[in-house]
Amino acid sequence: MSHLHIVILAAGKGTRMKSTLPKVLHQVAGVPMIERVLASAARLEPQSTTLVVGHQAENVRTALSRHAGLTFVVQEPQLGTAHALLTTESVLASKRGLVVLLSGDVPLLTTNTLENLVQTHRQAGAAATVVTAVVEDPHGYGRIVRDGERIAQIVEEKDATPAERQIREINSGIYAFELDGLFDAVRSIASENAQREYYLPDLVSIYRRRGLGVETVGVEDAREILGINSRVELAAVSTIVRQTKNSELMAAGVTIEDPATTYVDADAQIGADTILHPCVFIERGTVIGAGCEIHSGARIVASRLGDRVTVLNHTIITDSRLEDGVSAGPFAHIRNDTVVAPGAKIGNFVELKKTALGRGSKSMHLAYLGDAVIGERVNIGAGTITCNYDGTRKQTTTIEDGAFIGSDTQLIAPVTVGANAYVGTGTTVRENVPGGALAVSAGKQRNIDGWVERKRTKKN
Ligand code: UD1
Ligand code: CA
């Protein structure tokens, strides 16, 4: 939007978080809260975005380094929200238009509300516009004191009279200000209040006394403007984000047995008729097809699942792909670009790392398959291990179509087992096995008759 500038306040210590991590880097449903604020701000297409940092400024800056075009200003010491805005004067003094001021700790604010804010502000020709909400429990927030219809002032909880504390309309901490005259007005804010801080909301009464227009805009859903000051609030806001996602998924045809214990990141996608049992975690852009069933305790991160995939209990899948009709788990671990072809089956205590498992192949029990290329219809016996690491390098094991790997086999990579070959139980495969061959490495079995009886008599 033309002549629109964003300022985000994020210098505060976040004392009530009791954390060494800066408050705005704490995650709301898997995403740092400041990233959520930046995302809704960016949709306004501002001419500039300035972040006021202070407490642990360097850590915040580093965490946000991938965002090009952010201007950081450091507020040191942190003397309040009005003082924080004043530190942006060097960046904004030469600019025209309006500034939309956001709080780094109010992460659920929608673009819709921000657009309403800008529209109301411009249409009314106001000097300042405040986003407000009527809430059940206004505790801790600044209260909107009205004089008739119009906003007269904002009173902080700690400075409010008992009567003012009854007011349920609160200040969201989100505002639009005309840049013209803004910094001079902010400079006139005093710190005669309970917290000895320079309060930005005091600008409302200052403007009103000067006869300047101050407007308010309400939010549809009061939850949008929840601020995070403590871990309890962090959890509450995360729950809202997750519930919203779960509701969207259910509306689109996904069965979620227990939404309260189902954690699906906002950027994940799940197809219709997929069933999520209680306590599952679907994270970081995972895409799941239709008709799948994900059992309790599963965690699926940055992965793609086709249709009709079954993930049994306590299976962990990261950065991998499971195609149509695959079944995995319970207790399987699938990671690092593993690709499991349609209809393949992975059983309990099987780990796959950077492995391709071909169509219809099976590894049902206790195996480690790392850096392996496994063809179609291969059967991997219990206890099979690809010895893929020689202490310096990772090497590839290739198992061609139709091969049968007997239980307790070690495959010392690099090595290839040819098509339809048969590896006997307990074999240590050090050399390639030709297609159709049988490989055995154990010596001939010896039975020593009467050994147990002799050992016993010796002891006595
Ligand atoms: C503030 C508002 C209150 C409003 C509430 C909404 C003031 C005085 N009060 O209260 O009316 O209802 O937000 O959530 O503004 N910050 C700085 N520098 C500072 C102080 C704060 O950058 O010197 C930043 C914080 O990091 C935070 C934001 O400003 O992101 C708000 O500060 P905070 O201390 O959380 O204010 P509240 O007490 O929540
Ligand atoms: Ca706050």
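Below is a summary of the structure that appears in this document. The structure presented is a predicted model; accordingly, all values stated were derived computationally and were not measured.

1. Some details on the overall build of the protein chain
Here is step 1 of the chain: Scanning the protein chain from N- to C-terminus turns up 10 helices and 39 strands.
Here is step 2 of the chain: In terms of overall size, the protein chain is more extended than a compact globule, its C-alpha atoms giving a radius of gyration of 31 Å where 460 residues would be expected to give roughly 23 Å.
Here is step 3 of the chain: Overall, the C-alpha framework of the protein chain stretches about 105 × 50 × 45 Å when taken along its three principal axes.
Here is step 4 of the chain: Counting over 460 residues, the protein chain shows a buried share of 48%.
Here is step 5 of the chain: The contacts of the protein chain with a sequence gap of at least 6 include a subset with a gap of at least 24, amounting to 40%.
Here is step 6 of the chain: For the protein chain, the exposed area adds up to about 21,900 Å²; of that, 49% sits on carbon and sulfur atoms.
Here is step 7 of the chain: Of the charged side chains in the protein chain, 48 are positive and 50 negative, and the gap between their average positions amounts to 9 Å.

2. Let's talk about unusual backbone geometry
Here is step 1 of the chain: Along the chain, glutamate 76 connects to proline 77 via a cis peptide bond; the corresponding omega equals -5°.
Here is step 2 of the chain: For proline 77, the position within the fold is in the loop between strand E5 (70–74) and helix H3 (81–86).
Here is step 3 of the chain: Looking along the chain, the bond that leaves glycine 329 and enters proline 330 is cis, with omega of 0°.
Here is step 4 of the chain: You can see proline 330 is positioned in the loop between strand E24 (327–328) and strand E25 (333–335).
Here is step 5 of the chain: Unusually for a residue other than glycine, arginine 196 sits at a positive phi of about 55°.

3. Here we look at the site of ligand 1
Here is step 1 of the chain: Taken together, 23 residues are adjacent to ligand 1, and Gln75, Gly80, Thr81, Glu156 and Asn171 come closest.
Here is step 2 of the chain: Within the backbone of glycine 80, one N or O atom sits 2.8 Å away from an oxygen atom of ligand 1.
Here is step 3 of the chain: Between glutamate 156 and ligand 1, the recorded distance is 2.6 Å, taken from a side-chain N or O atom to an oxygen atom.
Here is step 4 of the chain: Out of a free accessible area of 750 Å², ligand 1 has 90% covered by protein chains.
Here is step 5 of the chain: Mapped by element, the contributors of at least two residues to the shell around ligand 1 are strand E1 (4–10), H3 and strand E10 (169–178).
Here is step 6 of the chain: For the shell around ligand 1, the per-class residue count stands at eight nonpolar, 11 polar and four charged.

4. Remarks on the pairing of strand E9 (residues 150–155)
Here is step 1 of the chain: Strand direction decides the pairing type here: strand E8 (residues 143–147) and E9, joined by five bridges, are antiparallel. Within E9, the position partnered with valine 145 by the bridge is glutamine 153.
Here is step 2 of the chain: The antiparallel pairing of E8 with E9 creates a hairpin that spans two residues between the two strands, and glycine 148 there sits at a positive phi of about 70°.

5. Points about the coordination of the calcium ion (ligand 2)
Here is step 1 of the chain: Within the protein, the calcium ion (ligand 2) binds to Asp105 (OD) and Asn229 (OD1); these donor distances fall in the range 2.4 to 2.6 Å. Within this pair, whereas aspartate 105 is found in the loop between strand E6 (98–103) and helix H5 (111–124), its partner asparagine 229 is found in the loop between strand E11 (214–218) and helix H9 (231–251), the two being separated by 124 residues in sequence. This pair shows no difference in class: aspartate 105 is buried, exactly as asparagine 229 is.

6. Some remarks on the environment of threonine 416
Here is step 1 of the chain: For threonine 416, the position within the fold is in strand E36 (residues 415–417).
Here is step 2 of the chain: In this structure the C-alpha to C-alpha distance between threonine 416 and threonine 239, which are 177 residues apart in sequence, comes to 50 Å.
Here is step 3 of the chain: Once residues lying within four places of it in the same chain are set aside, the contact partners of threonine 416 are Thr398, Glu400, Asn432 and Val433.

7. Some words on the sheet that holds E36
Here is step 1 of the chain: If you trace the nine strands from one edge of the open sheet to the other, you get E14-E17-E20-E23-E26-E28-E30-E33-E36, paired in parallel fashion. Of all the strands in the sheet, just strand E14 (269–270) and E36 have a single pairing partner and so form its edges.
Here is step 2 of the chain: As defined by bridge partners, strand E20 (residues 304–305) adjoins strand E23 (residues 321–322) across two bridges and the pair is classed as parallel. Among the inter-strand pairings, arginine 304 is bridged to a residue of E23, identified as arginine 321.

8. Let's talk about the environment of arginine 187
Here is step 1 of the chain: In this structure, arginine 187 sits in helix H7 (residues 182–187).
Here is step 2 of the chain: Arginine 187 sits 102 residues away from leucine 85 along the chain, and the two C-alpha atoms are 9.9 Å apart.
Here is step 3 of the chain: Discounting chain neighbours no more than four positions away, the residues touching arginine 187 are Leu86 and Glu89.
Here is step 4 of the chain: A polar side-chain atom of arginine 187 sits 2.8 Å from a polar atom in the side chain of glutamate 89.

Rules and cut-offs
- Here the residue numbering is sequential within each chain, running from 1 through the sequence in written order.
- Whichever chain is written first becomes A and whichever ligand is written first becomes 1, with later ones labelled in order.
- Residues qualify for local features only when their pLDDT is at least 70, as the model is predicted, and side-chain atom pairs are given and counted only at 80 or more; totals for whole chains, interfaces and linings, by contrast, use all residues.
- In computing side-chain values, all of the structure's heavy atoms are included and hydrogens and water are not.
- For helices the rule is a DSSP run of H or I covering at least 4 residues; for strands it is a run of E covering at least 2, with both sets numbered from the N terminus onward.
- Radius of gyration means the value over C-alpha atoms here, while the globule rule gives 2.2 Å times the residue count to the 0.38 power.
- Note on exposure labels: buried denotes an accessible area under 20% of the residue type's maximum, exposed denotes more than 50%, and partly exposed covers the range between, all computed with a 1.4 Å probe on protein chains only.
- Working rule for contacts: check all heavy atoms of both residues, and any pair within 4.5 Å makes them a contact.
- Accessibility throughout is a Shrake-Rupley quantity obtained with a 1.4 Å probe, and a residue counts as covered only by protein chains that appear here.
- None of His or the chain ends enter the tally, which takes Lys and Arg as positive and Asp and Glu as negative.
- Charge coordinates come from a single atom per side chain, which is NZ of Lys, CZ of Arg, CG of Asp or CD of Glu.
- Any residue with a heavy atom lying within 4 Å of a molecule or strand is counted as near it.
- Definition of a polar contact: a pair of N or O atoms within 3.5 Å, with one able to donate and the other able to accept a hydrogen when the atoms are protein atoms, and with sequence-neighbouring residues admitted only if both atoms are side-chain atoms.
- Three classes are used, and their members are as follows: Ala, Val, Leu, Ile, Met, Phe, Trp, Tyr, Cys and Pro are nonpolar, Asp, Glu, Lys and Arg are charged, and the others, Gly among them, are polar.
- Paired strands, in this sense, are two strands between which DSSP finds at least two bridges.
- For Na, K and Ca the donor cut-off is 3.2 Å, and for all other metals it is 2.8 Å, counting N, O and S atoms only; because water is absent from this set, sites may look incomplete.

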